Amino acid sequence: MPHIALSALTDLVASALRRAGASPPMAQSTAQALVAAESQGLPSHGLSRVAQYTAHLRNGRVNGIAVPKVIHAKSAACLVDADDGLAFPACALAVREAIARARLCGAAFAGVTRSHHFGVAAEHLGPVSSAGMVGLAFGNSPAAMPAWGGKRALFGTNPIAAVFPRRKAAPLVIDLSLSEVARGKLMVAAKEGRSIPLGWAVDREGRPTTDPKAGLEGSMLPAGGVKGAMLALVVELLCCALTGASFGFEADSFFTDAGNRPRIGQAFMVIDPGALAGSDVFDERLETLVAAMCQDPEVRLPGQRRFELAEKARADGIEVAVPLYEQLQALARG
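Each residue is numbered by its place in its chain's sequence as written, counting from 1. Given that this is a predicted model, residues contribute local features only at a pLDDT of at least 70 and side-chain atom pairs are listed and counted only at 80 or more, while totals for whole chains, interfaces and linings are drawn from all residues. The side-chain numbers reported here are obtained from all heavy atoms of the structure, hydrogens and water having been left aside.

## Things to note about the pairing of strand E4 (residues 107-115)
Both faces of the sheet carry side chains from a regular strand, because those side chains alternate between them. Applicable threshold: Burial classes: relative accessible area under 20% of the type maximum marks a residue as buried, over 50% as exposed, and values in between as partly exposed (1.4 Å probe, protein chains only). Helix and strand definitions here come from DSSP, where helices need a minimum of 4 consecutive H or I residues and strands a minimum of 2 consecutive E residues; each element is numbered from the N-terminal end. Between any two strands, at least two bridges found by DSSP are needed for them to pair. By convention, orient the strands away from the viewer: a clockwise path from the first strand over the helix to the second makes the crossover right-handed.
Most of E4 sits out of view: seven of its nine residues are buried. The pairing of strand E3 (residues 77-81) with E4 spans five bridges and is parallel. Opposite Val-80, over in E4, you have Val-112 as the bridge partner. Chirality of the crossover, the property in question, places the unit of E3, helix H4 (residues 87-105) and E4 among those that are right-handed. In this structure, E4 lies alongside strand E12 (residues 264-271), joined through seven bridges in antiparallel fashion. Counterpart to Ala-110 in the pairing with E12 is Phe-268.

## Notes on the layout of surface pockets
Threshold: Definitions used throughout: a 1 Å grid over protein atoms alone; a cavity as a set of points that fits a 1.4 Å probe which cannot get out; a pocket as an open set with protein on both sides within 12 Å along at least five of seven lines; a lining residue as one with an atom within 4 Å of a point. Grid points are joined across faces, edges and corners, and a volume is the space filled by probe spheres set on the points. Following the grouping adopted for this structure description, the nonpolar residues are Ala, Val, Leu, Ile, Met, Phe, Trp, Tyr, Cys and Pro, the charged ones are Asp, Glu, Lys and Arg, and the polar ones are all others, Gly among them.
When its volume is computed, the largest pocket comes out at roughly 1,200 Å³. What lines the largest pocket is a set of 47 residues, among which His-45, Arg-49, Thr-157, Arg-183 and Phe-255 lie closest to the centre. The set of elements that each furnish at least two residues to the lining of the largest pocket consists of helix H3 (49-58), strand E9 (172-176), helix H6 (183-192), helix H7 (212-217), strand E11 (219-220) and helix H11 (322-333). It is H6 that provides the largest number of residues to the lining of the largest pocket, a total of five residues. Looking at the lining of the largest pocket residue by residue, the classes come out as 22 nonpolar, 18 polar and seven charged. Residue lining of the second largest pocket: 28 residues in total, with Ala-122, Glu-123, His-124, Gly-126 and Pro-127 positioned closest to the centre.

## Overview of empty space enclosed by the protein
Empty space among the atoms can be located by rolling a probe the size of a water molecule over them. Counted by the stated rule, this structure contains one cavity of 30 Å³ or more. When its volume is computed, the largest cavity comes out at roughly 40 Å³. Around the largest cavity, the lining residues are Ala-33, Leu-34, Ala-37, His-45, Phe-88, Phe-118, Gly-119, Val-120 and Glu-123.

## Description of the side chain of Glu-38
So the rule is basically this: We treat Lys and Arg as the positive residues and Asp and Glu as the negative residues; His and chain ends play no part in the count. We define a salt bridge as a side-chain nitrogen of Lys or Arg found within 4 Å of a carboxyl oxygen belonging to Asp or Glu. Should any heavy atoms of two residues lie within 4.5 Å, those residues are considered in contact.
For Glu-38, the position within the fold is in helix H2 (residues 24-39). No salt bridge is formed by the buried Glu-38. Its closest oppositely charged neighbour is Arg-49, at 9.3 Å. Dropping the residues within four chain positions of it, Glu-38 is found in contact with Pro-43, Gly-46, Leu-47, Ser-48 and Ile-318.

## Regarding a nonpolar patch on the surface
Put simply, the rule reads: Patch definition: residues above 30% relative accessible area lacking any salt bridge, with like charges linked at up to 9 Å and the nonpolar side chains Val, Leu, Ile, Met, Phe, Trp and Tyr linked at up to 5 Å. A 1.4 Å probe and the Shrake-Rupley method give the accessible areas. Residues count as covered only by the protein chains that appear here.
Taken together, the side chains of Trp-148, Val-226, Met-230, Leu-233 and Leu-237 present a nonpolar region at the surface, about 440 Å² in accessible area. Along the polypeptide, Trp-148 turns up in the loop between strand E6 (145-146) and strand E7 (153-155).

## Some remarks on the pattern of salt bridges
Applying the stated criterion to the full structure yields 14 salt bridges. Taking the shortest distance from any N to any O, the salt bridge between Asp-283 and Arg-167 comes out at 2.3 Å. With Asp-283 in helix H9 (residues 279-294) and Arg-167 in the loop between strand E8 (160-164) and E9, the pair connects residues that are 116 residues apart, well separated along the chain. Judged by its relative accessible area of 15%, Asp-283 is buried. A relative accessible area of 57% means that Arg-167 is categorised as exposed. Ionic pairing is found between Asp-203 and Arg-207, a salt bridge with its closest N-O pair at 2.9 Å.

## Looking at H4
Worth spelling out the cut-off: To estimate how far a helix should reach, multiply one less than its number of residues by 1.5 Å.
The end-to-end C-alpha distance of H4 is 26 Å, a good match for the 27 Å that 19 residues give at a rise of 1.5 Å each. Of the positions making up H4, those classed as buried are Ala-87, Phe-88, Pro-89, Ala-90, Cys-91, Leu-93, Ala-94, Val-95, Ala-98, Ile-99, Arg-101 and Ala-102. Directly beyond the C-terminal end of H4, a positive phi value near 95° is found at Gly-106.

## Observations concerning the environment of Gly-225
As for its placement among the helices and strands, Gly-225 is situated in the loop between E11 and helix H8 (226-241). The class for Gly-225 is partly exposed, based on a relative accessible area of 22%. In this structure the C-alpha to C-alpha distance between Gly-225 and Trp-148, which are 77 residues apart in sequence, comes to 7.9 Å.

## Here we look at the nonpolar core
For the record, the criterion: By nonpolar core is meant a set of buried Ala, Val, Leu, Ile, Met, Phe, Trp, Tyr and Cys residues that side-chain atoms within 4.5 Å join together.
Counting 29 residues, the largest nonpolar core has Leu-9, Val-13, Leu-17, Leu-47, Val-50, Leu-57 and Leu-86 as its most contacted members. When near neighbours in sequence (up to four residues on either side) are disregarded, Leu-86 contacts Leu-17, Met-26, Thr-30, Tyr-53, Leu-57, Val-62 and His-116. Residues Val-80, Val-95, Ala-102 and Phe-268 belong to the second largest nonpolar core, which totals 27 residues.

## Some points on the sheet that holds E3
Which entries qualify depends on this criterion: In this analysis, axes come from line fits to C-alpha atoms, helices being fitted only over the stretch in contact, and the angle between any two N-to-C directions falls in the range 0 to 180 degrees.
Strand order in the open sheet made by the seven strands is E2-E3-E4-E12-E5-E8-E9, with mixed pairing throughout. Strands with a single pairing partner mark the edges of an open sheet, and in this sheet they are strand E2 (69-74) and E9. Between one strand axis and the next, the sheet turns through 15° on average, direction left out of account. As judged from the five bridges shared by E2 and E3, these two strands associate in the antiparallel manner.

## Describing the pairing of strand E5 (residues 134-139)
Counting buried positions along E5 gives five out of six residues, so the element sits mostly inside the fold. One ladder, built from four bridges, connects E5 with E8; its direction is antiparallel. By the bridge assignment for E8, Phe-138 is matched with Ile-160.

Structure, rendered in structure tokens:
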């Protein structure tokens with residue numbers, strides 16, 4: 001498999017998105033995010049999404065010429081309209097707004113409405129840690145999990161991410177979805193004819209299943225049982241009730257080329273440590289905890305592997321499977 005430089009991959013992906021109808025700014029920001037995910041060892045949110053995004057652009061599920069803008073604001077809060085475009089430009093605007101408002105107010109909340117799949121949740125928080133602030137990110141997605149005790153899918157897998165900056169080291173990065181496992185694991189198991197463990201999914205009737213195909217037709221189960229289901233509910237409300245975005249059950253699956261414009265939501269919270277105990281105290285407390293964690297040699301700090309893989313990819317490029325690379329080239333040619 002060939003190793004491709006990050007810059008070359010970004011250009012290739014951006015070209016594919018432009019061919020499908022994305023504006024140059026939308027194509028560029030989306031390409032950078034997808035290549036970054038691939039470089040961090042997160043292929044489910046990387047290059048494999050290019051074909052999906054281009055299909056959504058061509059089929060009208062995404063407005064390729066969307067220009068996000070702030071449509072409502074008060075001092076420490078604002079709402080960004082993604083205008084049915086790909087999520088990355090709108091999320092970048094929301095994060096910039098949240099950082100600027102947190103500098104003035106100590107903390108800020110920025111919501112995004114009428115949006116699309118926003119990739120790796122934590123990737124949006126890079127500018128927050130660079131600004132020396134704490135960041136939280138939330139996103140809902142098309143229905144994949146039932147409410148606790150229910151049978152039909154209502155909530156998305158609804159990722160939550162957080163970033164905590166460190167003065168002399170890479171930030172701590174926490175990023176998780178709220179399903180027990182990623183839906184992609186069921187897809188792989190179904191393709192390979194393997195069963196899945198009980199506790200991953202239920203069938204259409206809400207019965208536990210080891211059949212990945214039945215699980216894909218049914219619902220994913222939340223991580224941590226009722227606790228995960230309640231967190232998924234919190235994310236739906238933060239991202240949709242506050243922003244006017246579509247709930248997960250109102251959005252057609254990302255895994256189909258045709259369907260409605262998902263119009264889901266995202267939310268970002270930014271906190272300035274200087275507004276509380278102060279940046280020096282924050283740094284001391286954070287490093288005290290990190291030192292205690294690292295006394296156990298088996299502990300790996302959250303985000304550490306991503307940074308290591310990304311650094312290696314910057315030097316060596318990314319290994320891309322030949323069929324995937326050929327698909328990207330074909331999409332870039334139109």
